[in-house]
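# Observations on chain architecture
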Amino acid sequence: MELTPDDVRDVLRALDSSGLQELHLELADLTLTVRREGAAGWTAEQQVTRAPQVEQAAAPAAAAEAPAPAAEVGEGLVAVHPPLLGTFYRAPQPGAPPFVDIGDEVGTETVVGIVETMKMMTPVHAGVRGTVVEFRLGNGEFADADAVLLVVEPA
Amino acid sequence: MTTRIRRLLIANRGEIAARVIRTCRRLGIESVLAASDADTESLPARLADRVVRLGPANAAQSYLDPAAVVRAAQAVEADAVHPGYGFLSENPSLARACATAGIVFVGPAPESLEAVGDKLTARSHAVAAGLPVVPGGEAADLAGAQEVAAEVGYPLLVKAVGGGGGRGMKLVAGPDDLAHTLDLAVSEAAAAFGDPRVYLERFVSSGRHVEVQILGDGARAVALGDRDCSVQRRYQKLFEEAPAPLLPDALRAEMAAAALALAEHLHYRGLGTVELLVDRERGSFYFLEMNARIQVEHPVTEMVTGLDLVAEQLAVAEGLPLGLRQEDVVLTGHAVECRINAEDAALGFRPSPGRIHRVVLPVGEGLRVDTHVQGGSVVPPYYDSLLAKLIVHGTDRDDAVARARAALDLLRIEGVTTTVPVHRALLADPEFAAGGVDTTFFERFLDSQLVGAR
């Protein structure tokens, strides 16, 4: 069962005429706490606890992605991490040359890629002066916040 | 021909999925959520009667794949597909694929989607229907652009035909900048949209974004009032209200008539929004574009009309004639909507995905929060940042804004950074409170504020 906003309003009407400050309801698939916030009004905190059962459409499920290998870089090398988690792109747009490639020299402010998070693009800066020696993540791959995108040998 | 919808596949996520499920429950329609792997534990998945896997988290392989949507609809034997907004909501290939599979697409006919799907075609239909358009025209090369510029004057905008939502738009201040900006705009349009066509348009320096909600059954249409969506940042709306404040009655009536003329010209069936640019200096309006879907800001119209727009949309999708006459549409009071996003305004509106610990919402008469999150919800990084919409209905604009301020103080979404502080500051701003701000207001407001993170 789910309570609609109308149901919650009905509960409030009943509460308004009572002296109650708070009401806690627990149903099979739902908990609801309605609280009087002084003169400011009422608030509700709702938890739908029903666990969804997911059916499969006709297409076969994609194989689960293997977890990324441990983010170790060799001695004296510097790992470049994403500014926030998201999808890593090596080029400004599909078909364009990459921002940087292996062997390229970078400065601290050099843009080495972009990360798309919630439809927003954030540039990734090298953060160190040196030479790109390795890419750990391919174009279009998902990067966790602690992922290593690429490795730089400092100058 | 009418088809009764008994089982509806919702090919979307987030708050709009939860919103459609609510109407399904009220109408006794079985709801099946088509969820990507990132959304199988989401609140809409918990609310829906059934959940079917649509595909991987990456939207290109799930929410943006028409074949996957049709496959999911066939797997659960759904009568109809509701596409929500964004994703495939205005995609003619999904509408056609549904028709081929004998499934009702809850949206306009593919021909209507195509008619308004690109800016130039939409503009030509608007002209044919008698709507005023911003002076301008297409330009294939520099000579063509100079010709158009001579007609519309400077400053002007170069817009990508394939653009939208502010993408692919460039300002040209004077004749010296035209050649360079045109070259840039054409190459960027080709790269970003796969379509190098651009057109030139007069730049309206102080414009308001006002839109008219319409509903058509293919034969007849009604206008359901207007909304003001001028509070925008980088062409993304943050706050909407209905009706649009401080518009002369005659102008409002002309705008509604224009929107209806376009709907009738297109034999439009479904919910649609005719977006207009109100030139504050000239006191006139121009057609911008038409959105052939339900919109994020539909609740403010629902609050002032008392209608359930999803239910109306489902009814016309079933092939039923409109149950409403224009005189049945009565607007009451004023409604406002604050979009609460998972973004950190103090860091340039940086996205803030993560786990939400606790959600406490204001409740009461005239208050509505449309959301897809609750305590424990995960906000994945793959999709947009909209967490919730706070919608408040008041007797008039001042009342609605005052009540929205009180409601914002009670709202808690803990665990991720949200734009609640931005809305608090916005609702306290005197220029905003006066009403009728233009689309440049919000950036100026941000510059003048030090909006702290929550």
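Starting afresh in each chain, residues are numbered from 1 along the sequence in its written order. Written order decides the labels, with chains lettered from A and ligands numbered from 1. A pLDDT threshold of at least 70 governs which residues receive local features in this predicted model, and a stricter bar of 80 or more applies before side-chain atom pairs are shown or counted, although totals over entire chains, interfaces and linings include all residues. Computation of side-chain values: all heavy atoms of the structure, hydrogens and water removed.

Next up on the list: the overall build of chain B. Secondary structure elements are taken from DSSP: a helix is a run of H or I of four residues or more, a strand is a run of E of two residues or more, and numbering for both begins at the N terminus. When you go through chain B residue by residue, the secondary structure sums to 15 helices and 23 strands. At 22 Å, chain B has a C-alpha radius of gyration in line with the 22 Å of a compact globule built from 454 residues. Principal axes of the C-alpha set define a box for chain B whose edges measure 60 × 50 × 45 Å. The cut-offs for exposure are 20% and 50% of the maximum accessible area for each residue type, with area from a 1.4 Å probe on protein chains only; residues under the lower value are buried, those over the upper are exposed, and the others partly exposed. Here chain B, with 454 residues, has 60% of them falling under the buried criterion. We compute the radius of gyration over the C-alpha atoms and compare it with the globule rule, which gives 2.2 Å times the number of residues raised to the power 0.38.

Once that is clear, we can look at the overall build of chain A. Along chain A, the regular secondary structure elements total one helix and 12 strands. In chain A, the order of α-helices and β-strands from amino to carboxyl end is α-β-β-β-β-β-β-β-β-β-β-β-β. Within chain A, the proportion of its 155 residues that are buried is 33%. Residue contacts are counted whenever heavy atoms from the two residues lie within 4.5 Å of one another. Intrachain contacts of chain A at a sequence separation of at least 6 include 49% that bridge at least 24 residues. Surface exposure of chain A reaches about 8800 Å², of which carbon and sulfur atoms provide 53%. What sets the accessible areas is the Shrake-Rupley method with a 1.4 Å probe; for residues, cover comes only from the shown protein chains.

Now for the layout of surface pockets. Only protein atoms enter the 1 Å grid used here. Points where a 1.4 Å probe fits but cannot escape make up a cavity, open sets with protein on both sides within 12 Å along at least five of seven lines make up a pocket, and a residue lines them when an atom lies within 4 Å of a point. Grid points are joined across faces, edges and corners, and a volume is the space filled by probe spheres set on the points. Roughly 500 Å³ of internal volume is contained in the second largest pocket. What lines the second largest pocket is a set of 18 residues, among which A:Pro5, A:Asp6, A:Arg9, B:Arg22 and B:Arg368 lie closest to the centre. Elements supplying a minimum of two residues to the lining of the second largest pocket: helix H1 (5-16) of chain A together with helix H1 (14-27), helix H10 (298-305) and strand S20 (367-371) of chain B. Sort the elements by how many residues they give to the lining of the second largest pocket and H1(B) lands first, with five residues. Here the nonpolar group is Ala, Val, Leu, Ile, Met, Phe, Trp, Tyr, Cys and Pro; Asp, Glu, Lys and Arg are the charged ones; every other residue, Gly included, is treated as polar. Partitioned by chemical class, the residues of the lining of the second largest pocket number four nonpolar, four polar and 10 charged.

This next bit is on the domain arrangement of chain B. Residues and elements named next belong to chain B. Segment limits for the domains were obtained from an automatic or database-derived domain assignment. The domain architecture assigned to chain B consists of domain 1 (7-106), domain 2 (136-202) and domain 3 (207-452). Relative placement of domain 1 and domain 3: their C-alpha centres are 23 Å apart. On the domain 3 side, the residues contacting the 32 residues of domain 1 number 28 residues. When domain 1 packs against domain 3, close to 2300 Å² is buried across both sides, 61% of that on carbon and sulfur atoms. The largest contributions to the domain 1 side of the interface with domain 3 come from Glu 15, Arg 19 and Tyr 85, which together make up 26% of the buried area. Computed with a 1.4 Å rolling probe, the buried area is the accessible surface lost when two parts are put together, summed over both parts.

Taken as a whole and assessed by the stated rule, the structure comprises four cavities of 30 Å³ or more. Here the largest cavity is characterised by a volume of approximately 500 Å³. Forming the walls of the largest cavity are 28 residues, and the residues nearest its centre are A:Pro5, A:Gln46, B:Leu361, B:Val369 and B:Thr371. When contributions to the lining of the largest cavity are tallied by element, the ones reaching two or more residues are H1 and strand S3 (42-48) of chain A together with H1, helix H2 (43-47), strand S19 (358-363) and S20 of chain B. Its residues assigned to classes, the lining of the largest cavity shows 15 nonpolar, five polar and eight charged.

Now for the interface of chain B and chain A. The partner chain A presents 40 residues to the 45 residues of chain B that form the contact. When the buried area of chain B at its contact with chain A is split by residue, B:Arg46, B:Arg53 and B:Val363 rank highest and sum to 18% of it. Take a side-chain nitrogen of Lys or Arg and a carboxyl oxygen of Asp or Glu: if they are within 4 Å of each other, that pair is a salt bridge. The interface formed by chain B and chain A holds three salt bridges in total. One salt bridge in this structure joins A:Glu45 and B:Arg358, with 3.1 Å as the shortest N-O distance. Pairs of N or O atoms are called polar contacts if they sit within 3.5 Å, as long as, within protein, a hydrogen donor faces a hydrogen acceptor (for residues adjacent in sequence, only side-chain-to-side-chain pairs). Applying the counting rule to chain B against chain A returns 15 residue pairs in polar contact (both at pLDDT 80 or more). Mapped by element, the contributors of at least two residues to the side of chain B that touches chain A are H1, H2, strand S3 (50-55), helix H3 (66-75), strand S17 (350-351) and S19 of chain B. No other element matches the six residues that S19(B) contributes to the side of chain B that touches chain A. When its residues are assigned to classes, the side of chain B that touches chain A shows 26 nonpolar, seven polar and 12 charged.

Another aspect to go through is the sheet that holds strand S5 (residues 104-105) of chain B. Backbone-to-backbone hydrogen bonds join strands into a sheet, with any given pair of strands oriented parallel or antiparallel. Each pair of strands is called paired provided DSSP finds at least two bridges between the two strands. Read from one edge to the other, the open sheet built from six strands follows the order S4(A)-S3(B)-S2(B)-S1(B)-S4(B)-S5(B), with strand pairing classed as parallel. With one partner strand each, in any of the chains shown, strand S4 (54-56) of chain A together with S5 of chain B form the two edges of the open sheet. The sheet contact formed by strand S1 (residues 7-10) of chain B and strand S4 (residues 80-82) of chain B spans three bridges and is parallel. Residue pairing across strands places B:Leu9 opposite B:Val81, the latter belonging to S4(B). Throughout, an axis means a line fitted to C-alpha atoms (over the contacting stretch in the case of helices), and angles, computed between N-to-C directions, take values from 0 to 180 degrees. Most of the contacts of H3(B) go to S3(B), to which it runs at about 150 degrees, and overall it touches S4 of chain A together with S1, S3 and S4 of chain B. Docked against the sheet, helix H11 (residues 309-317) of chain B engages S1, S4 and S5 of chain B, running at close to 145 degrees with respect to S4(B).

What follows covers the packing of H1(B) against H11(B). Residue and element names in this part refer to chain B. Running from amino to carboxyl end, H1 crosses H11 at an angle of 70 degrees, the nearest separation of the two axes being 9 Å. By the angle between their axes, H1 is roughly perpendicular relative to H11. As for the relative orientation of H1 and H11, their crossing is right-handed in sense. Across from Arg 19, Val 20, Thr 23, Arg 26 and Leu 27 in H1, the residues of H11 making contact are Leu 309, Val 310, Ala 311 and Leu 314. For the contact of H1 with H11, the class distribution of residues is six nonpolar, one polar and two charged. By the definition adopted for this analysis, an angle is roughly parallel if under 35 degrees, roughly antiparallel if over 145, roughly perpendicular if from 65 to 115, and oblique otherwise. Crossing handedness follows the turn of the near helix against the far one: under a right angle anticlockwise gives a left-handed crossing, and clockwise gives a right-handed one.

All names here are of chain B. Formed by 105 residues in total, the largest nonpolar core has its most connected members in Leu 8, Leu 9, Ile 214, Met 255, Phe 287 and Met 290. The leading source of residues in this core is helix H9 (residues 249-265), at seven residues. Not counting the four nearest positions on each side in its chain, Ile 214 is found in contact with Val 222, Ala 223, Ala 259, Leu 260, Ala 263, Tyr 268, Gly 270, Leu 271, Gly 272 and Met 290. The definition of a nonpolar core used throughout is a set of buried Ala, Val, Leu, Ile, Met, Phe, Trp, Tyr and Cys residues joined through side-chain atoms within 4.5 Å. Formed by 40 residues, the second largest nonpolar core is a distinct cluster that contains Phe 239, Leu 390, Leu 408 and Val 437.

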